[in-house]
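Residue strings, one per chain:
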Amino acid sequence: MSDDNPHSTNGSSSRNWLTNIVNKFKGEPQNKEELSDLISDAEERELIDPQTKEMLEGVMIVSDMKVRDIMIPRAQMKTIEIDETLTEIVPMMIDSGHSRFPVINEDKDHIEGILLAKDLLYFGFNPETTFDLKALLRDAIIVPESKRVDILLKEFRQKRYHMAIVVDEYGGVSGLVTIEDILELIVGEIEDEYDEEDTENDNIRPLNKCTYSVKALTSVEAFNQFFESTFNEEESDTIGGVVLRAFGHMPDTGEKVTIDNIEFEVTTSDKRRIVQLKVYLPELEN
């Protein structure tokens, strides 16, 4: 039985609202670029506010993304060992501030299930009760790295779960993704009392030893500090600007360019900007 009961939503009102905007203009958009232009035009005419424009653009971005682009990498996963005791688990939960934790056996490739923090409340009020971690586990939902983010969001809503374990093509665990990760792409950062103040390095996430997911708006200074690179901070303010200059045109999703021995792949872009990059560092010789 699921613990999550999100409010039921009806997409018809949102579609009708967007249709009303479209109908205010001659013709209908034939592709995403024209739709993006229409949304920008709607903001300029004050039919929608800037926040609404950003959310609509976020929805369009999500439709082009794969789970691998937004997942929390394996190295950053907060997990619990199957043989840990209640006194070992609770302090870690409090420190992390998370509400769901993958429970592993031996290593992160062996996920036994998902533990919800709220399921431990009973033991706080009934300390004499025997603690059995295995009996508390919920099934772990497994999704491939290549799954489309918009499809996963639909499954999150329909099946009422909030977390999925991400696996690579060989079946190894490569990370995890939550419904919050997807919603933040649409509505912006969702912060709570446990979130620490953001730093620019939060824009850089390791995917493996030599591959990173980097937001295009990361400053060149922050990028240089993190990767010990020497890109010119005067020519461009952001790493997206550096990459754009190297291409010489607005690149499509999937295009790659190598600059100073570092390969950049555009993982998300629209007609006006690069949104997300994948950075490949050269393999270090042993």
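Residues numbered from 1 in each chain as written. Predicted model: local features only at pLDDT ≥ 70, side-chain atom pairs only at ≥ 80, totals over all residues. Heavy atoms only, no water.

Visitor: Looking at this model, I keep getting lost on the overall build of the protein chain. Mind explaining?
Guide: Of regular secondary structure, the protein chain possesses 10 helices and 12 strands. In the protein chain, buried positions account for 41% of the 286 residues. Restricting the contact set of the protein chain to residue pairs at least 6 apart, pairs at least 24 apart contribute 47%. (Helix = DSSP H or I, 4+ residues; strand = E, 2+ residues; numbered from the N terminus. Buried < 20%, exposed > 50% of the residue type's maximum accessible area, 1.4 Å probe, protein only. Contact = heavy atoms within 4.5 Å.)

Visitor: Explanation requested: the packing of aromatic side chains in the structure shown.
Guide: Given two aromatic rings, their pairing is described by the distance between the two centres and the angle made by the two planes. Applying the stated criterion to the full structure yields 10 aromatic pairs. Centre to centre, the rings of Phe-223 and Phe-231 are 5.8 Å apart; their planes meet at 50°, and the pair counts as tilted. The class of Phe-231 is buried, set by a relative accessible area of 7%. For the ring pair Phe-223 and Phe-264, a centre distance of 5.8 Å and an interplane angle of 35° mean the geometry is tilted. One end of the pair, Phe-223, is in helix α9 (residues 220-227); the other, Phe-264, is in strand β11 (residues 262-269), and 41 residues separate them in sequence. Judged by its relative accessible area of 0%, Phe-264 is buried. (Phe/Tyr/Trp six-rings, centres within 6.5 Å; stacked < 30°, edge-to-face > 60°.)

Visitor: Quick question: what am I supposed to make of the sheet that holds strand β7 (residues 173-178) here?
Guide: Adjacent strands of a sheet form backbone hydrogen bonds with each other and so pair up, either parallel or antiparallel. Across the sheet, four strands lie side by side as β1-β7-β6-β5; this open sheet has mixed pairing. Pairing within the sheet leaves two strands with one partner each, and these edge strands are β1 (72-73) and β5 (142-144). Bridge count for strand β6 (residues 163-167) against β7 is five bridges, and the pairing is antiparallel. Residue pairing for β7: Val-166 is matched across the bridge by Gly-175. Sitting on the sheet, helix α7 (residues 149-159) touches β5, β6 and β7, and the angle it makes with β7 is about 60°. (Pairing = 2+ DSSP bridges. Axes fitted to C-alpha atoms, helices over the stretch in contact; angles between N-to-C directions.)

Visitor: Looking at this structure, how should I read unusual backbone geometry?
Guide: The general pattern is negative phi for most residues beyond glycine and trans for most peptide bonds. The residue Arg-160 is not glycine, and still its phi comes out positive at about 60°. On the secondary structure map, Arg-160 appears in the loop between α7 and β6. In this model, Asn-261 sits at a positive phi of 70°, which is unusual for a non-glycine residue. Along the chain, Asn-261 turns up in the loop between β10 (256-259) and β11. Residue Asn-261 is classed as exposed on the basis of its relative accessible area of 56%.

Visitor: Would you explain the sheet that holds strand β4 (residues 107-116) in this entry?
Guide: Judged by pairing direction, the sheet is mixed, and its three strands sit side by side in the order β2-β3-β4 without closing on themselves. Sheet topology places β2 (80-81) and β4 at the edges, where each strand pairs with a single neighbour. With two bridges joining them, β2 and strand β3 (residues 100-105) adopt parallel strand pairing. Each bridged residue has a counterpart across the sheet, and for Ile-80 the counterpart in β3 is Val-103.

Visitor: Whenever I open this one, the pairing of strand β12 (residues 274-280) confuses me. Can you help?
Guide: On any regular strand, side chains alternate: one points to one face of the sheet, the next to the other face. Most of β12 sits out of view: six of its seven residues are buried. The pairing of strand β9 (residues 211-215) with β12 spans five bridges and is classified as antiparallel. Counted as the bridge partner of Thr-211 is Tyr-280 from β12. Both β11 and β12 contribute to a ladder of six bridges, which runs antiparallel. Each residue of the ladder has a partner; that of Thr-268, found in β12, is Gln-276.

Visitor: Before we go on, may I ask you to explain the pattern of salt bridges in this structure?
Guide: Opposite charge on two side chains lets them pair, provided their charged atoms get close. If you walk through the whole model with that rule in mind, you get eight salt bridges. For Arg-45, the salt bridge is made with Asp-41, and the minimal N-O distance between the two is 3.2 Å. Between Glu-155 and Lys-147 there is a salt bridge; the shortest N-O distance is 3.1 Å. Assigned by exposure class, Glu-155 and Lys-147 land together as buried. (Salt bridge = Lys/Arg side-chain N within 4 Å of Asp/Glu carboxyl O.)

Shape descriptors only; they carry no functional weight alone.
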